[in-house]
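# Examining the three-dimensional arrangement
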Amino acid sequence: MTYHNKTNRKFLRQLFFALSIVILGFILWAAVQYLFFRPDSNTITIGTFSQYKKNQIIHKKKERFYIIRDSSGLYAVSDVCTHRGCMVLIKGNTFECPCHSAVFTLEGRPLSGPADKPLDHYYIYKNKQNVLVVDVTKSINKEIRYSE
Ligand code: FES
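Model, not experiment: these values are computed from the prediction.

Calculation rules
Residues numbered from 1 in each chain as written. Predicted model: local features only at pLDDT ≥ 70, side-chain atom pairs only at ≥ 80, totals over all residues. Helix = DSSP H or I, 4+ residues; strand = E, 2+ residues; numbered from the N terminus. Buried ≥ 20, exposed ≤ 12 C-beta atoms within 10 Å, placed from the backbone. Contact = placed C-beta atoms within 7 Å. Pairing = 2+ DSSP bridges. Axes fitted to C-alpha atoms, helices over the stretch in contact; angles between N-to-C directions.

Time to look at the overall build of the protein. Across its full length, the protein holds one helix and 10 strands. When the elements of the protein are put in sequence order from the N terminus, they spell out α-β-β-β-β-β-β-β-β-β-β. Dimensions of the protein, computed from C-alpha atoms along their principal axes, come out at roughly 90 × 35 × 20 Å. Expressed as a percentage of the 148 residues in the protein, the buried residues total 19%. The long-range fraction of contacts in the protein, counting pairs at least 24 apart against all pairs at least 6 apart in sequence, stands at 36%.

As summarised here, the arrangement of the six strands in space is β1-β10-β9-β4-β3-β2, forming an open sheet in which the pairing is antiparallel. Edge strands, defined here as strands with exactly one partner in the open sheet, are β1 (43-47) and β2 (57-60). If you compare each strand with its neighbour and ignore which way they point, the axes differ by 35° on average. With four bridges connecting them, β1 and strand β10 (residues 132-140) associate as antiparallel partners.

Here we come to the sheet that holds strand β6 (residues 94-96). The strand order β5-β6-β7-β8 describes an open sheet built from four strands, whose pairing is antiparallel. Where the open sheet ends on each side, the last strands, each with one partner, are β5 (89-91) and β8 (110-112). Going from strand to strand, the sheet's axes swing by 40° on average, the running direction of each strand aside. Strand direction decides the pairing type here: strand β7 (residues 103-105) and β8, joined by two bridges, are antiparallel. Bridge pairing links Val103 to Ser112 in β8.

Below is the structure:
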């Protein structure tokens, strides 16, 4: 009887120790994943250059920019109106703001309405996996295009 109680207690202690190690390992693994490997919300992957056809326009609504391929290459232009921040929408060959009717060229230059600043263009680069990435923290010159 006593022998069994000691054996049971020893087994339970070892089981508790093993479970504690597993739980601590999981917490440590989750913390490392969160701190070092979480996706950066300022950099958005957009695929490869060849998947965009000339004159194609893709709206990344959630990320708040358009990807446009013109005759010189690819560019990422903000959909945030420079007047008061509404989402500009494609209307023919221009962007139009539904809030106060500002109109921009597809390059983001203001044409009419209350917005007097151009839409931001964002830096596009190719990452180590050969995938294009838009960095929305880096505004670049409106003339720059990504091309291959
Ligand atoms: S917010 Fe776009 S015109 Fe006012």
